[in-house]
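Residue-level structural notes
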Amino acid sequence: MANLISKIGVIGVGHLGQHHVKHLSNNNVISFSGIFDVDTDRANKIAVEYNCNAHDSLNDLLNNCDAVSIVTPTLTHAKIAEQCIMAGKHVFIEKPITKTVAEADRLLNLAAENNVLIQVGHIERLNPALIPLKNFELNPKYIEVQRLAPYTVRGTDVPVVLDLMIHDIDIILSLVNSPVKNIRASGVSILSDSVDIANARLRFENGTVASITSSRIARDKVRKIKIFQKDMYVTIDFLLGLTEIYRVLEADQDDPDALETASLEAYGNHKKIVYEKPDINQFDALEMELTNFIQSINGNDKPIVNGQAGRDALDVAVKIHDMILDDIH
Ligand code: NAD
């Protein structure tokens, strides 16, 4: 089913939505159907900037497209996505998929009934620094993640767990092939009315442990993940786009891509530690995500983060947040 032309529009053209417009209006595989935003001044400004149509109503946009990107505040996702799905449109929904798991479940059921696909914008899954991991067999035993960001009002309509931590929950669920067994979590409110700093520890059925810290009260941005498994340690700095891998190999085992950093012979162990820093091919993750959406609509690919994955990340995030609230009160 190659070369199908899809008509795609964008709902919500604020901070992030304008970038969806930029990529989709420049894409020559699809026909761009224009935008809808309840803020008409904003919609008109973006329509002029990208030379596209600002529709008067959501219905008007839906009458002119096959699929939409929903980039409105999280609290509006469920209602808008429902209207789009009921109109038979494929939906790309920015993360988190919805505010509640019940809303996400309802969207998944409606999408199945209406034979449309849901993709969720967990963009970090496409972070170029994660790509080299595809060349290694991963079986993490311990994962440590830190995501810190300076405070901005945007995003504070939801707690830090649904705003920032959910990115890492999604990555962790994609790395660990086992159900979550139990969760421990704590957090505090500092500047907003909801939780601004959170720490969670997930233990999976297979024994893997993940520790995640997220804060939106930081001076500098930090986005780091460390993955430990038998004979392997990976450290990734998402901001620097730096992936470093340490492995234990047999002393006589050669790997042309790796540098030997230490021999363990002195400890009576015929092994060595090797280090590598794979080249990272930089690309625009949002453009890649939207290309994946277009190819999935056309039947040439599958969403990297489908509705179920978005729902599962939300489920863990909500459990973490509820536990934090229980702990606080
Ligand atoms: P924003 O406030 O800058 O923009 C939201 C836009 O939606 C505004 O222009 C607003 O007028 C419009 N809007 C509000 N209600 C609407 C409605 N009912 N119908 C149509 N338009 C409506 O917000 P943002 O920072 O662009 O965030 C939007 C979404 O993207 C949120 O869900 C957020 O979590 C997500 N987001 C994801 C990432 C990521 O890394 N993937 C990063 C930032 C934001």
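None of the values given here were measured: they were computed from a predicted structure. (Residues numbered from 1 in each chain as written. Predicted model: local features only at pLDDT ≥ 70, side-chain atom pairs only at ≥ 80, totals over all residues. Heavy atoms only, no water.)

1. Remarks on the overall build of the chain
The helix and strand inventory of the chain stands at 8 helices and 14 strands. For a compact globule of 329 residues, the expected C-alpha radius of gyration is about 20 Å, and the chain comes in at 22 Å, within 12% of that figure. Projected onto its principal axes, the C-alpha coordinates of the chain cover approximately 75 × 55 × 40 Å. Looking at the 329 residues of the chain, the share that counts as buried comes to 51%. A separation of at least 24 residues holds for 66% of the contacts in the chain among residues at least 6 apart in sequence. Taken as a whole, the chain presents about 16000 Å² of accessible surface, with 47% of it coming from carbon and sulfur. Treating the 32 positive side-chain charges of the chain as one cloud and the 44 negative ones as another, the clouds have centres 3 Å apart. (Helix = DSSP H or I, 4+ residues; strand = E, 2+ residues; numbered from the N terminus. Rg over C-alpha atoms; globule rule 2.2 N^0.38 Å. Buried < 20%, exposed > 50% of the residue type's maximum accessible area, 1.4 Å probe, protein only. Contact = heavy atoms within 4.5 Å. Areas by Shrake-Rupley, 256 points an atom, 1.4 Å probe, with all protein chains shown as cover. Lys, Arg positive; Asp, Glu negative; His and termini not counted. Charge placed at Lys NZ, Arg CZ, Asp CG, Glu CD.)

2. Considering unusual backbone geometry
The step from K95 to P96 runs through a cis peptide bond, and the omega angle for that step is -10 degrees. Unlike most non-glycine residues, N51 shows phi in positive territory, near 55 degrees. Position of N51 relative to the elements: it lies in the loop between α2 (40-50) and α3 (58-62). Even without being glycine, N115 reaches a positive phi, approximately 55 degrees. Assignment of secondary structure puts N115 in the loop between α5 (101-114) and β5 (118-121).

3. Some words on the sheet that holds strand β1 (residues 7-11)
Across the sheet, 5 strands lie side by side as β2-β1-β3-β4-β5; this open sheet has parallel pairing. The open sheet has two edge strands with one neighbour each: β2 (31-36) and β5. Within the sheet, the average angular offset between the axes of one strand and its neighbour, ignoring direction, is 20 degrees. (Pairing = 2+ DSSP bridges. Axes fitted to C-alpha atoms, helices over the stretch in contact; angles between N-to-C directions.)

4. Comments concerning the pattern of salt bridges
Scanning all chains against the criterion turns up 19 salt bridges. Notably, a salt bridge pairs R106 with E82, separated by 2.7 Å at the nearest N-O pair. Taken together, the residues span a long stretch of sequence, with R106 in helix α5 and E82 in helix α4 (residues 77-86) at a distance of 24 residues. Assessed through its relative accessible area of 23%, E82 is described here as partly exposed. The salt bridge partner of R311 is D105, with a shortest N-O separation of 2.7 Å. (Salt bridge = Lys/Arg side-chain N within 4 Å of Asp/Glu carboxyl O.)

5. Examining the environment of L175
Relative to the helices and strands, L175 resides in helix α6 (residues 160-175). What makes L175 buried here is its relative accessible area of 15%. Spatially, the C-alpha atoms of L175 and G14 are 32 Å apart, while their sequence positions differ by 161 residues.

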